[in-house]
Amino acid sequence: MPELAVQSQGLSKRFGRQVAVDAVDLAVPRGAVYGFLGPNGSGKTTTIRMLLGLVRPTSGGHTLLGRRMPDRAAEVLPRIGALVEGPAFHPYLSGAENLRRLDAADRTADPGTCTARIGGALDRVGLTAAAGKRYRAYSLGMRQRLALAATLLVPRDLLVLDEPTNGLDPQGTREVRALVGTLAAEGATVLLSTHLLAEVEQVCTDVGVMHQGRLVAQAPLAELRAAATPRARVTTDRPVAAAQVLRELGLTEITEAPREVSAVLGPVPPEKVVAALVHAAVPVRGFAVDAPDLEELFVSLTGEGFDVSG
Ligand SMILES: Nc1ncnc2c1ncn2[C@@H]1O[C@H](COP(=O)(O)OP(=O)(O)OP(=O)(O)O)[C@@H](O)[C@H]1O
């Protein structure tokens, strides 16, 4: 198995003059839950459509599960479950009947186990009770769950989910996020696009941030969290003495200004810093801990905010 479940090089898409996706180099590690984060219109859907071979790139290329696309599409696509703008469900058939139709169209699926697999997929997305209801009577959230169930009819090595919690109520959102975690624990790699930072923080191990068609950051979440580390900021008339105290306490990246000293706190508790400053007779006029969270970090990368709700 390759180390990267998804890898692209210079993947680009133009629509006329507009560059929707601009030289994106994705690297989704095998086993990751990769949050593909970006505001609406930043190019996530177009990238995902190119990855799945639904749209032809203007330039660049990519592999899925180590196989070059689109040349090896027939071989690799059956191992991939994709949720991209819901599949065409029949309004007058029930959820279960719709899944039966989709499954029958999948040449790689075993008809002998169809009923059990459909039951299992409906159960995983919490649609068992509504399995016999007509699709047209489904709420938006139920439709989204059914689309998700359709990706789970056979085991997949890679799931590509475009905004999987869109249209779900808070309970449904929690369930889908938990399901993503379970699927990953079972060994699948998950690439999920979202405009919700909270979604990334809750379920993802890795993140790629899109901004105006470009991938402006890509890293394990833990690495980004470490970069967003809290700094202590001391306002004082004696910055040199204050800096000395911070140094002795083991704070790092100390910067001195005429009336202010700041440093990365690391594991040192803020109250210990204050006590040490007082003990060293440094006049402290102000003390603050600035903790840039992921949102601030991403805003600094993209210049715009994310919807942090959900
Ligand atoms: N078929 C198309 N023809 C012309 N322009 C398009 C087409 N598809 C996408 N675009 C444009 O490309 C840009 C990126 O769109 P895309 O849908 O990939 O963004 P997104 O990040 O997925 O946003 P959203 O969450 O709104 O889907 C947008 O400016 C969009 O208007």
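Residue numbers run consecutively from 1 along every chain, following the written order of its sequence. Only residues with pLDDT of at least 70 are given local features in this predicted model, and only at 80 or more are side-chain atom pairs given and counted; all residues enter the totals for whole chains, interfaces and linings.

- If you check an unreviewed UniProt entry, the protein chain appears there as ABC transporter ATP-binding protein from Plantactinospora mayteni.
- UniProt positions are given in the numbering used here, feature names are shortened, and annotations may be inferred rather than shown by experiment. The UniProt entry for the protein chain carries the following text under Sequence similarities (unreviewed entry): "Belongs to the ABC transporter superfamily."

## Focus on the packing of helix 9 (residues 239–249) against helix 10 (residues 270–279)
Here comes step 1: Their axes nearest at 10 Å, the elements helix 9 and helix 10 cross at an angle of 130°. As the angle between them shows, helix 9 and helix 10 are arranged oblique. When the axes of helix 9 and helix 10 are compared, the crossing they make is right-handed. Where helix 9 approaches helix 10, its residues Ala 242, Val 245, Leu 246 and Leu 249 are matched on the opposing element by Lys 272, Val 273, Ala 276 and Leu 277.
Here comes step 2: Residues are grouped as follows: Ala, Val, Leu, Ile, Met, Phe, Trp, Tyr, Cys and Pro are nonpolar; Asp, Glu, Lys and Arg are charged; every other residue, Gly included, is polar. Looking at the contact of helix 9 with helix 10 residue by residue, the class counts come to 7 nonpolar, no polar and 1 charged. All axes are obtained by fitting lines to C-alpha atoms, using only the stretch in contact for helices, and the reported angles, taken between N-to-C directions, cover 0 to 180 degrees. Starting at the N terminus, helices and strands are each numbered in turn, a helix being any DSSP run of H or I of at least four residues and a strand any DSSP run of E of at least two. When describing relative orientation, an angle under 35 degrees is termed roughly parallel and one over 145 degrees roughly antiparallel, while 65 to 115 degrees is termed roughly perpendicular and anything else oblique. With the far helix as reference, a near helix turned anticlockwise by less than a right angle produces a left-handed crossing, and one turned clockwise produces a right-handed crossing. Residue pairs are scored as contacts if the distance between their C-beta atoms, which are placed from the backbone, is within 7 Å.

## Focus on the domain arrangement of the protein chain
Here comes step 1: For the domain bounds, the source is a domain assignment made automatically or taken from a database. Partitioning the protein chain into structural domains gives domain 1 (4–219) and domain 2 (229–291).
Here comes step 2: The distance between the C-alpha centroids of domain 1 and domain 2 comes to 47 Å.

## What about the sheet that holds strand 12 (residues 231–236)?
Here comes step 1: Read from one edge of the open sheet, 4 strands run 13-14-12-15, paired in antiparallel fashion. Of all strands in the sheet, those with a lone pairing partner are strand 13 (252–257) and strand 15 (284–290), marking the two edges. Here the strands of the sheet are splayed against their neighbours by 15° on average, with no regard to which way each runs.
Here comes step 2: Both strand 12 and strand 15 contribute to a ladder of 6 bridges, which runs antiparallel. Residue Ala 232 lies in a different strand from strand 15, and its bridge partner there is Val 289.
Here comes step 3: In this fold helix 9 packs onto strand 12, strand 13 and strand 14 (260–264), with an angle of close to 175° to the strand it touches most, strand 13.
Here comes step 4: In this fold helix 10 packs onto strand 12 and strand 15, with an angle of close to 160° to the strand it touches most, strand 15. Pairing between strands is defined by DSSP: at least two bridges between the two strands are required.

## A word on helix 5 (residues 140–151)
Here comes step 1: The length a helix should cover is 1.5 Å for every residue beyond the first. Between its first and last C-alpha atoms helix 5 spans 17 Å; for 12 residues at 1.5 Å apiece the expected length is 16 Å, and the two agree.
Here comes step 2: Within the sequence span of helix 5, burial applies to Met 142, Gln 144, Arg 145, Leu 146, Ala 147, Leu 148, Ala 149, Ala 150 and Thr 151.
Here comes step 3: Residues of helix 5 that are buried sit in contact with strand 7 (80–83), helix 3 (95–105), helix 4 (114–124), strand 8 (158–162) and helix 6 (170–185). Three classes are used. A residue is buried when 20 or more other C-beta atoms lie within 10 Å of its own, exposed when 12 or fewer do, and partly exposed in between, with C-beta atoms placed from the backbone.

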